[in-house]
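Single-letter residue listing:
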Amino acid sequence: MGCCSMWLYQILCFLYAFLLFQVNSSLLSPLSSPPHLCLPEHSSALLQFKNSLSISSGSELCRGSYLKTESWNQSSDCCSWEGVTCHSKLGRVIGLDLSCSPLKGNLPYNNSLFLLQDLQWLNLAHIDLGLEIPGEFSKLRSLTHLNLSHTRSYGLVTEPISLLSALVSLDLSFTSLVLDNHGFNMIVHNLTKLENLFLDRVEMSLVEPNSLRNLTSSLRHLSLYFCQLQGKFPSEVFNLPYLEKIILSKNENLSGYLPKSNWSNPLRLLDLSQTSFSEELPDSIGNLQNLEKLMLSSCHFTGSIPSSIGNLTKLTFLSLSYNNFEGQIPDVFGNLNKLTMLDFSFNNFRGLLPSSAFNLSELTEMALENNHLEGPLPYNISGLSNLQDLDLSANLLNGRVPGWMFSLPSLQFLVLDSNKFTGPIDSFPKRNLVQHVSEVLGELNDLLVLNFSHNRLTGQIPSSLGNLSALESLDLSSNKIEGRIPMQLRNLIFLAVLNLSQNNLVGPIPQGNQFDTFTNDSYIGNTRLCGLPLSKQCGNSEETEPHPSVSEDDDYARGLDWKFVMMGYGCGLVFGLSMGYMVFTTGKPHWLVKMIEGDPN
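To keep things clear, this report deals only with the structure shown in the data block. Keep in mind the model is a prediction, meaning the values are calculated, not measured.

## Some details on the packing of aromatic side chains
Point 1. Using the criterion set out here, one finds 15 aromatic pairs in the structure.
Point 2. Where Phe358 meets Trp404, the ring centres are 6.1 Å apart and the plane angle is 75 degrees; that geometry is what we call edge-to-face. In this pair, Phe358 sits in the loop between β22 (348-351) and β23 (365-367) while Trp404 sits in the loop between β26 (396-399) and β27 (413-415), placing the two residues 46 residues apart along the sequence.
Point 3. By relative accessible area, which is 0% here, Phe358 ends up buried.
Point 4. Members of the aromatic cluster, connected to one another through ring pairs, are Phe301, Phe325, Phe333, Phe344 and Phe349.

## With respect to unusual backbone geometry
Point 1. Note that the residue after Leu532, namely Pro533, is joined by a cis bond; omega there is 10 degrees.
Point 2. By secondary structure assignment, the location of Pro533 is in the loop between β34 (528-530) and α6 (540-544).
Point 3. The backbone phi angle of His150 is positive, close to 55 degrees, even though this residue is not glycine.
Point 4. Along the chain, the position of His150 falls in the loop between β6 (145-147) and β7 (154-156).
Point 5. You can call His150 partly exposed: its relative accessible area is 24%.
Point 6. Positive phi, normally seen in glycine, also occurs at Phe346, with a value near 55 degrees.
Point 7. Along the chain, the position of Phe346 falls in the loop between β21 (341-343) and β22.
Point 8. Overall, the relative accessible area of 24% leaves Phe346 in the partly exposed class.

## A word on the pairing of strand β16 (residues 276-280)
Point 1. In terms of strand pairing, strand β14 (residues 253-256) meets β16 through two bridges, oriented parallel. Bridge pairing in β16 links Ser255 to Ser276.
Point 2. Note that β16 and strand β18 (residues 300-303) share three bridges and pair parallel. Looking at β18, one finds that Glu279 is bridged to Phe301.

## Let's talk about helix α4 (residues 181-190)
Two residues of an α-helix separated by three or four positions point the same way, owing to the 3.6 residues in each turn.
Point 1. Residues Asn181, Gly183, Phe184, Ile187 and Val188 constitute the buried set of α4. Buried positions in α4, seen along its axis, are confined to an arc of 165 degrees and lie on one side of it.

## Focus on the sheet that holds strand β20 (residues 324-328)
Point 1. Taken together, the nine strands give an open sheet; going across it, the order is β12-β14-β16-β18-β20-β22-β24-β26-β28, and neighbouring strands pair in parallel fashion. Of all the strands in the sheet, just β12 (230-232) and β28 (420-421) have a single pairing partner and so form its edges.

## Structural notes on the pattern of salt bridges
Point 1. Scanning the entire structure with this criterion turns up nine salt bridges.
Point 2. Its salt-bridge partner being Asp97, residue Lys68 comes within 3.7 Å of it at the nearest N-O pair. Residue Lys68 is found in the loop between β1 (54-55) and β2 (84-86), and its partner Asp97 is found in strand β3 (residues 93-97); the two are separated by 29 residues along the sequence.
Point 3. Taking relative accessible area as the criterion, Lys68 reaches 11% and is therefore assigned buried.

## Let's talk about the sheet that holds strand β30 (residues 473-475)
Point 1. Read from one edge of the open sheet, three strands run β29-β30-β32, paired in parallel fashion. The sheet is open, and its two edges are formed by β29 (449-451) and β32 (497-499), each paired on a single side. For this sheet, the mean angle separating the axes of adjacent strands, direction not counted, is 5 degrees.
Point 2. With three bridges connecting them, β29 and β30 associate as parallel partners. Note that in β30 the partner of Val449 across the bridge is Ser473.

## Points about the state of the cysteines
Point 1. For the structure on display, the rule yields four disulfides.
Point 2. Two residues share a disulfide in this structure: Cys38 and Cys78, whose sulfurs sit 1.8 Å from each other. Measuring the twist about the S-S bond at about 80 degrees, one finds the Cys38-Cys78 disulfide to be right-handed. Here Cys38, found in the loop between α1 (2-28) and α2 (40-51), pairs with Cys78, found in the loop between β1 and β2; they are 40 residues apart in sequence, far enough to count as distant.
Point 3. The class of Cys38 is buried, set by a relative accessible area of 10%.
Point 4. Sequential numbering of the bridged cysteines in the protein chain gives the disulfide pattern 1-3, 2-6, 4-5, 7-8.

## Describing the side chain of Asp200
Point 1. Along the chain, Asp200 turns up in the loop between β10 (196-198) and β11 (221-223).
Point 2. Put simply, Asp200 is tucked away with no salt bridge, and the nearest opposite charge, on Arg201, sits 9.0 Å away.
Point 3. Of the polar contacts made by the side chain of Asp200, one reaches the side chain of Ser223; its length is 2.6 Å.
Point 4. Residues within four places of Asp200 in sequence aside, it is in contact with Ser173, Phe174, Ser223, Leu224, Tyr225 and Cys227.

## A few points about α2
Point 1. Look at α2: 17 Å from first C-alpha to last across 12 residues, which is about the 16 Å you get at 1.5 Å a residue.
Point 2. When α2 is considered as a whole, its buried residues turn out to be His42, Ser43, Ala45, Leu46, Leu47 and Phe49.
Point 3. Packed against the buried residues of α2 are β2 and β3.

## Comments concerning the pairing of β14
Every regular strand shows the same layout, with side chains that alternate between the two sheet faces.
Point 1. Of the two faces of β14, the one holding Leu254 and Gly256 is buried and the one holding Asn253 and Ser255 is not buried anywhere.
Point 2. Relative to β14, β12 runs parallel, the two being bridged by three bridges. By the bridge assignment for β14, Gly231 is matched with Leu254.

## Points about the environment of Ser112
Point 1. Following the sequence through the fold, Ser112 ends up in the loop between β4 (103-104) and β5 (121-123).
Point 2. With 63 residues separating them along the chain, Ser112 and Phe49 place their C-alpha atoms 5.7 Å apart.

Rules used throughout
Residues numbered from 1 in each chain as written. Predicted model: local features only at pLDDT ≥ 70, side-chain atom pairs only at ≥ 80, totals over all residues. Heavy atoms only, no water. Phe/Tyr/Trp six-rings, centres within 6.5 Å; stacked < 30°, edge-to-face > 60°. Helix = DSSP H or I, 4+ residues; strand = E, 2+ residues; numbered from the N terminus. Buried < 20%, exposed > 50% of the residue type's maximum accessible area, 1.4 Å probe, protein only. Pairing = 2+ DSSP bridges. Arc of directions from axis to C-beta. Salt bridge = Lys/Arg side-chain N within 4 Å of Asp/Glu carboxyl O. Axes fitted to C-alpha atoms, helices over the stretch in contact; angles between N-to-C directions. Disulfide = S-S within 2.5 Å. Lys, Arg positive; Asp, Glu negative; His and termini not counted. Polar contact = N/O pair within 3.5 Å; in protein donor to acceptor, adjacent residues only side chain to side chain. Contact = heavy atoms within 4.5 Å. Expected span 1.5 Å × (residues − 1).

Laid out in structure tokens, this is it:
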């Protein structure tokens, strides 16, 4: 009995101590800790700043933008306002992000914004400020991140910016600002903590490229797109130890070369397109194990492609177009499994196609046009399941067009013009060939442009082309196609451009629908054609003789060789007309595709 009493007594003591602890805890701390309230002077400064701005239509580059200052009013804590960040303990405003808000105004020297001297982040991007950078910016000494991009800022970048020594990220891109050599040197020498420097389209023609040699070693991102830089770029910048992205594109008078040795850093993006960089692509490029995008188009590079490029296993985008590269393209793409874009067009490459590039399952675009590549196309492939755009035009390729090209599930463009292809489509059994091609054609409901021109193709025009109901442009010119023009082509009611010139076509030209809009130019070089718009009249036998329907078996027997330029997604007749015009006048729609899809930067 005594043991039980002792045990009960201990339990009661424990419960009493626990309850006492809970009571004391509740007295020491309130049941709910209210957030620190915004300092009154900060709230007042923000409201004055709001009142200095007016509502605008907003930036076209900002989708889904909204007015962040709409929630700002005196009755609520400014720390809860949209775009405002406060210190978690002190309640001071340390961050202001009004980017993409449909606002306009300016920042005079006495603007209340400069009273927020605890600001660490200030983002006014895409606001219509139209300002010269006032000297009062120097009061914001705590700033680590400043973004004034797309603000219509103008004038000289003044000393106050260079006094913000705590800056880690500075973005003045896409403004009308001017940076001279003195101002840039001030930034380079004072902003020693910079990791991100974005000066795209800032006018820097007075900046000596050699000044870039003094950039801080902490730099990770450097973007100097279209800055009118001129002179020789110091190659030492490419060796900065933490550099991840460098963009120098569209500085056409900026020359330089890439490091030939000891080049190893975490670089993920290198864009020198549309500059005057030259010499050879060094073997050291293969050391950049983290490189994802290599963009060297429209430069003055020469020599051959180093085989070390096959070491860049993280590469997704590779463009070497419009240079003076030569020799054979090394067949080293087997391990580049993440590559989505490969562009070696407009160079002087010779020899066979790199077969390993035709087995890349993630590739969406391959452009090898305008070189001196020769030989047949690969007969068997195991990749290209995501390929949308294949351009091999203006080379010396020969042989038959393999049938696998018509089984690529994602293909939208197939451009093979100006080669030496001959004969029928290969690789399909006779009993299945026409059926397969007919199925492919029948499924191309969004096809707008077909270009088979400038080869040595034979056979007849298949009647199945009449099933391409959205077609707006058809070019079969400069081949050896024979027979009559199928009447089924009259079903192409959106056809705006037709070029059947320089073939061996015979018989009457179909009449009605879009055929009534085509001129003589569509049929030049086919001396045995007759009927409008030609002056040659058809004889009675030609007029009354029923047009023989080209059967599927005839399609196979006559062996028409195919070339497709596929454009998916209905864009309308107007787009088709302009697209067709450019296809026939330039012969190269590849650049237009790039323009429509946007700059890979």
